[in-house]
Amino acid sequence: MGRHSVSAAESASDDATAGPFRSIRDRFPFKRNNSNSNYSSTNTLTRSSSKATLSSHKTSRSHHHHKRKLSLSPFRGKSCFYLCIFTVIFTFALASMVLQSSITSVLRQGVGGDRMRWRWSVKDGLKEGSSLEFMPRRRFELNGSRVDWLRSQPRIGIRPPRIGLILGNMEKDPSALLLYSVMKNLKGLGYLLKLYALGDGRARSIWQEIGGQVSILSPERYGYIDWSIFEGIVVDSLEVKDAISSLMQEPFCSVPLIWIIQEDTLASRLQLYEDKGWDRLISNWKNAFKRAGVVVFPEFSFPMLYSVLDTGNFFVIPGSPIDVWAAESYSKTHSKSQLRKENGFDTDDMLVLIVGSSFFYNELAWDYALAMHDLEPLLLKYAGSDEAGFTSKFIFLCGNSSKDYSDALQDVATRLRLNEQSVKHYGINSDVNGIILMADIVLYGSSQDEQGFPPLLTRAMSFGIPVIAPDKPVIRKYVVDGVHGVLFPKNDPEALKNAFSLLISEGKLSRFAHSVASSGRLRAKNMFAEECIIGYAKLLEYVFDFPSDVLLPSRPSQLNNSIWEWSLFRMELDQISSNTENLYREGSSGPNSGIVYDLEEAMLNDPTSSNETQDHSENPGEDIPTILDWDILDEMESSEEVDRLEREEIEERMEKNIGEWDDIYRIARKSEKLRFEVNERDEGELERTGQPICIYEIYSGAGGWPFLHHGSLYRGLSLSTRSRRLSSDDVDAVGRLPILNDTYYRDILCEIGGMFSIANGIDDIHKGPWIGFQSWRAAGRKVSLSKKAEEVLEKTIQENSKGDVVYFWACLDMDGGIVGNNDLLTFWSTCDIMNAGRCRTAFEDAFRRLYGLPSNVEALPPMPEGGGHWLALHSWAMPTPSFLEFIMFSRMFVDSLHSLHINTSKPSDCLLGFSAPEKKHCYCRLMELLVNVWAYHSARKMVYIDPHSGLLKEQHPVEQRKGFMWAKYFDITLLKSMDEDLAEAADDYDHPYKPWLWPLTGEVFWQGVYEREREERYRLKMDKKRKTKEKLLDRLKHGYRQKTLGGG
């Protein structure tokens, strides 16, 4: 849950203009000379019980009445006036405290909407005069991100960073305007967008302008998208909860996810879930929120509304066009004169609207009581006499529309001797837009320190209403005094009165007021756009991972002077109807989220959940078994056990018909067939019997299951025991190669580790003459074999069963694969790009160490720079003996590479990658390309088969390689000799480093092992002969004597 920091009222200082929130008593000192503005008391307003306050007051009045009279006698004239004012304000505060409990009960009964009820629960426990502040659990340092460091490193990117954007809908609304403006500017920085949506809408055409074709996601397609091709995923509403379900499974768990939430539909329901005991539903949403790397909200109140679901990843990027959108749409369907007429105001009335904190909307008592000192001179001048020459009315927008609020304000007006009906109250559950629109001046009178710009001020500026506000930092950040509004030093009543007088001239708004209103309206239109868009750009740099082959985006500072893309949404605003007038009052920044109510309905229809709810509400001790219950259960079990033993004894004494020998034999054979055996052939293995090839599809999590093929040609190969498909004959790589049970080694080896497991005792699992492999990513990137290509491959293998040929169908230069399509890239330059520019260096060092080459000998095998395809994604097929040769070379090479890595100054830091995923899967990209070097220099024929059409084309013909191949290093005799040497060293425990990787990746076998096994077999044989001979000699010496039947 997010941490809500409650800051106490400010302490006293010598500066009166920046003074603290003092108690009301401190603001009216009983002195004749009150020119000194430095008050000594530093008391702050604290919450106290209304009953305790009233009782204390009564006790003081009854026991000290005479003393109080004497203490007041010295005050005369002006001091009496101050005393009266203090009495009025203090009485108002006490009355407000008395009313607070009743107001709260009214709100909790439904007045003000769900959002307002929740905000009251946040207020519980806070001290009066305190402010509520959102403090994220985890600090996101957006300035000085990792990308700044990457920009200083030498790198060659060849493709733009990809963003997968999932839209909840494609309607034209304020949330779409914000997201579209952000994404369009991100595209300008160099990002490439791929759009997905849960439904179609009127905004489809504008989205296609920046992201190309939009893919509509149905529930059946949620699991069929390879999210690993993106640098990060951005989702924009609660509706996408089910769409990101595949992102919660491996291998997509590490893909960065940013979840933007602009609606509060779920927040308004969380209190209901807690009251009903729907913990499972809360946990469901909390797990979904937990998957996101960052959950972004457009204002600071939202993370507090969603605090129940906070797992430490909440973040706020302030700014949204929602208030401007609401104001403009409302203005098209309503007029100021008509609203005044409906609310009983004259056209000539000067209406001053006083609004409070954007979070504590329901509070009238203390927030406005603290502001009364500042407002008093203003009220007395314009509403307390007729000297002004025009009618002024002050409207307080706060709380709800209950009669208690209105009565409290009218009581204040009476005590201050204000003109009748000069003060009026409206609740926040009223037509807020209409109240703001019919006002002439909007005054921000809250004492709360807010983290974000008050939304009501934004809306007032959008309506073209001049605003007056204290010069708080968050307001001064956006509003220029005298240009977009009028600012005054807080806690300075005289400055407030002067600021107010600037906007009025002869009972009407002055020219200055009209100028401020016009400038303010223009300012509000794009006031938060630049900060918001740059904030998202910095957030992406902080959250996303940028692999070695990715072009880095431009700096966010280039987005200065960004604006919302109003032009593309103007038609929607022009066609707006009156049904949007309650947009603000409903407390929603977007369309209602249907998934919230769908999950609630599912919870209600689930019998288990209803039982859980009933159990939650009932006494939990009723279902706990008592000692008597356990005793009864023991008696029942004992009785059943006695009955069972009696039946068994009776059956043993009864004669049984043994039956015919044929029946006995048949039953015995049947039991043998039903007996489980490790090497028992299942249905999948029987289907593959007689086929020349089996392709093992390598996957590492449940997220890869939808990409796997079914049929006799394929068999799954799971790199994790827990992620193995149920009811399948998939191979468990961990069971065949225990090193893969170690997460570290499984991550650095990736798919090549699965190949090692197949080669380890291959005769137990694979008996076909050909073997193939394919990563699950091949299907995700549309480069897996089609039915036609499968038939071509099988037919070609059957017709040409002899010869060392490597068939492959996923290319290194295929768009959507490893890198983008670029004919200028050579094999080694591509490898460098994929491995942080260190591929050649790492390969050369590992190759040199493997063969023990001196430093003056070239150790980087040459690869052709011309055209032709290269193998990628571990998608290839070759004869089984060739596969074993490749694995023999691969084991030694990765061991040499690993020894270099752990002997570096920072063994925990991978030098073959920049991003966190690259460092985690350190050797994977280099080992993926190793088969190309082996196949090229071992004179294997390399044939590319088109995965769609099945056309065959030889790549890098063997005849053209002559003079370039380093065949001597890949000779099978040399490799076997090196393998035996390593096996002998492992057998003698002569490890070059610890832990030594090579013995852990497969079989350890050499001639000494064979001789030792032969000697062991011979020893067992001779031992058996010796025992048999001793037994015969014993019989000859002592004779044969059969033991008696009784064992005696």
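Draft legend 1. Quick look at the overall build of the protein. Along the protein, the regular secondary structure elements total 39 helices and 25 strands. Every one of the 1048 residues in the protein was classed for burial, and the buried ones make up 51%. Surface exposure of the protein reaches about 50,500 Å², of which carbon and sulfur atoms provide 51%.

Draft legend 2. Spatial organisation of the packing of aromatic side chains. Scanning the model with the defined rule gives 47 aromatic pairs in all. Here the aromatic rings of Tyr196 and Phe230 are separated by 6.3 Å at their centres, their planes lie at 85°, and the arrangement is edge-to-face. Note that Tyr196 is positioned in strand β4 (residues 192-197) and Phe230 in the loop between β5 (215-216) and β6 (232-235), a separation of 34 residues in sequence. Through a chain of ring-to-ring contacts, three or more aromatic side chains come together here, namely Phe827, Trp828, Phe843, Phe847, Tyr851, Trp870, Phe889, Phe893, Tyr936, Trp966, Tyr969 and Phe970. Above the plane of the ring of Trp285 lies Lys241, whose end atom (NZ or CZ) is 5.5 Å from the centre. Its end group placed over the ring of Trp998, Arg891 keeps NZ or CZ at 4.4 Å from the ring centre.

Draft legend 3. Representation of the layout of surface pockets within the structure. Volume-wise, the largest pocket comes out at about 1,200 Å³. If you trace the largest pocket, you find 42 residues lining it, with Ser228, Pro251, Arg777, Pro917 and His921 closest to the centre. Grouping the constituent residues of the lining of the largest pocket by class yields 16 nonpolar, 10 polar and 16 charged.

Draft legend 4. The state of the cysteines, seen in detail. The tally for this structure, following the rule as stated, stands at three disulfides. Note on cysteine connectivity: Cys750 is disulfide-linked to Cys924, with sulfurs 1.8 Å apart. The sign of the 70° torsion about the S-S bond sets the Cys750-Cys924 disulfide as right-handed. Here Cys750, found in the loop between α28 (743-749) and α29 (751-759), pairs with Cys924, found in helix α36 (residues 924-937); they are 174 residues apart in sequence, far enough to count as distant. On the basis of relative accessible area, Cys924 is assigned to the buried category, the value being 9%. Paired by a disulfide, Cys831 and Cys839 hold their sulfur atoms 1.8 Å apart. Every disulfide takes its handedness from the sign of the S-S torsion; for Cys831 and Cys839 that torsion is 75°, giving right-handed.

Draft legend 5. Structural context of the sheet that holds strand β11 (residues 392-397). The sheet built from six strands is open, its strands ordered β12-β11-β10-β13-β14-β15 with parallel pairing. The sheet is open, and its two borders are formed by β12 (423-426) and β15 (486-488), each paired with just one other strand. Averaged over all neighbouring strand pairs, the angle between strand axes comes to 25°, with direction disregarded. Pairing analysis gives three bridges linking strand β14 (residues 467-470) to β15, with the strands arranged parallel.

Draft legend 6. The arrangement of the packing of helix α32 (residues 827-834) against helix α33 (residues 839-851) in detail. In the contact formed by α32 and α33, the axes pass within 7 Å of each other and the chain directions differ by 105°. The angle between the axes of α32 and α33 places the two elements in the roughly perpendicular class. Where α32 approaches α33, its residues Trp828, Ser829, Cys831 and Asp832 are matched on the opposing element by Cys839, Arg840 and Phe843. Tallied by class, the residues present in the contact of α32 with α33 amount to four nonpolar, one polar and two charged.

Draft legend 7. The sheet that holds strand β19 (residues 714-718), seen in detail. With mixed pairing, the eight strands of this open sheet are ordered in space as β20-β19-β18-β21-β23-β22-β24-β25. Looking at the sheet topology across the chains shown, the edges are occupied by β20 (731-732) and β25 (952-955). Here strand β22 (residues 805-808) runs beside strand β24 (residues 941-945); their pairing, made up of four bridges, is parallel. Looking at β24, one finds that Phe808 is bridged to Tyr944. In the packing of helix α34 (residues 880-902) onto the sheet, the strands contacted are β21 (770-775) and β23 (876-879), and the crossing angle to β23 comes to about 105°.

Draft legend 8. Spotlight on the pattern of salt bridges. Using the criterion set out here, one finds 33 salt bridges in the structure. In this structure, Arg777 engages Glu751 in a salt bridge whose closest nitrogen and oxygen atoms are separated by 3.2 Å. In this pair, Arg777 is assigned in helix α30 (residues 776-780) and Glu751 in helix α29, connecting sequence segments 26 residues apart. A relative accessible area of 9% means that Glu751 is categorised as buried.

Draft legend 9. Molecular detail of a nonpolar patch on the surface. The grouping of Leu628, Ile632 and Met636 at the surface amounts to a nonpolar patch, some 300 Å² of accessible area in total. Tracing the chain through its elements places Met636 in helix α24 (residues 627-653). Note on Met636: relative accessible area 47%, which makes it partly exposed.

Draft legend 10. Broad picture of the pairing of β11. By the criterion of burial, β11 is predominantly enclosed, with six of the six residues buried. Residues Ser392, Phe394 and Phe396 of β11 are buried on one face, and the alternating residues Lys393, Ile395 and Leu397, pointing to the opposite face, are buried as well. As judged from the four bridges shared by β11 and β12, these two strands associate in the parallel manner. Across the sheet, the residue bridging to Ile395 is Lys424, located in β12.

Draft legend 11. Spotlight on the nonpolar core. By size, the foremost hydrophobic cluster in this structure holds 89 residues, and its most contacted members are Ile758, Phe773, Trp876 and Phe883. Setting aside chain neighbours within four positions, we find Trp876 in contact with Met755, Ile771, Gly772, Phe773, Val806, Tyr807, Phe808, Trp809, Leu871, Phe883, Phe886 and Val931. Core analysis: the next-biggest nonpolar cluster, separate from the first, contains 54 residues, Met183, Ile206, Val214 and Val294 among them.

Draft legend 12. Just unusual backbone geometry, in detail. Cis peptide bonds are those with omega within 30 degrees of zero, and the linkage from Glu250 to Pro251 qualifies with 10°. Note on placement: Pro251 falls in the loop between β6 and β7 (257-260). With an omega of -5°, the peptide bond between Lys994 and Pro995 qualifies as cis. Note that Pro995 resides in the loop between α38 (972-987) and α39 (1007-1038). With a phi close to 55°, Glu506 is a non-glycine residue in the positive phi region. Note on placement: Glu506 falls in the loop between β16 (504-505) and β17 (508-509).

Draft legend 13. Quick look at a negative patch on the surface. Among the surface-exposed residues, Asp629, Asp631, Asp634, Glu635, Glu637, Glu640, Asp643, Glu646 and Glu649 lie close enough to one another that they form a single negatively charged patch. The residue Glu646 is located in helix α24 in this model. Taking relative accessible area as the criterion, Glu646 reaches 43% and is therefore assigned partly exposed.

Criteria and thresholds
Residues numbered from 1 in each chain as written. Predicted model: local features only at pLDDT ≥ 70, side-chain atom pairs only at ≥ 80, totals over all residues. Heavy atoms only, no water. Helix = DSSP H or I, 4+ residues; strand = E, 2+ residues; numbered from the N terminus. Buried < 20%, exposed > 50% of the residue type's maximum accessible area, 1.4 Å probe, protein only. Areas by Shrake-Rupley, 256 points an atom, 1.4 Å probe, with all protein chains shown as cover. Phe/Tyr/Trp six-rings, centres within 6.5 Å; stacked < 30°, edge-to-face > 60°. Lys NZ or Arg CZ within 6 Å of the ring centre and 35° of its normal. 1 Å grid on protein atoms, 1.4 Å probe; cavity = no way out; pocket = protein on both sides within 12 Å on 5 of 7 lines; lining within 4 Å. Points joined across faces, edges and corners; volume = space filled by probe spheres on them. Nonpolar A, V, L, I, M, F, W, Y, C, P; charged D, E, K, R; others polar. Disulfide = S-S within 2.5 Å. Pairing = 2+ DSSP bridges. Axes fitted to C-alpha atoms, helices over the stretch in contact; angles between N-to-C directions. Parallel < 35°, antiparallel > 145°, perpendicular 65-115°, else oblique. Contact = heavy atoms within 4.5 Å. Salt bridge = Lys/Arg side-chain N within 4 Å of Asp/Glu carboxyl O. Patch = residues over 30% accessible without salt bridge, like charges linked within 9 Å, V, L, I, M, F, W, Y side chains within 5 Å. Core = buried A, V, L, I, M, F, W, Y, C linked by side-chain atoms within 4.5 Å. Lys, Arg positive; Asp, Glu negative; His and termini not counted. Charge placed at Lys NZ, Arg CZ, Asp CG, Glu CD.

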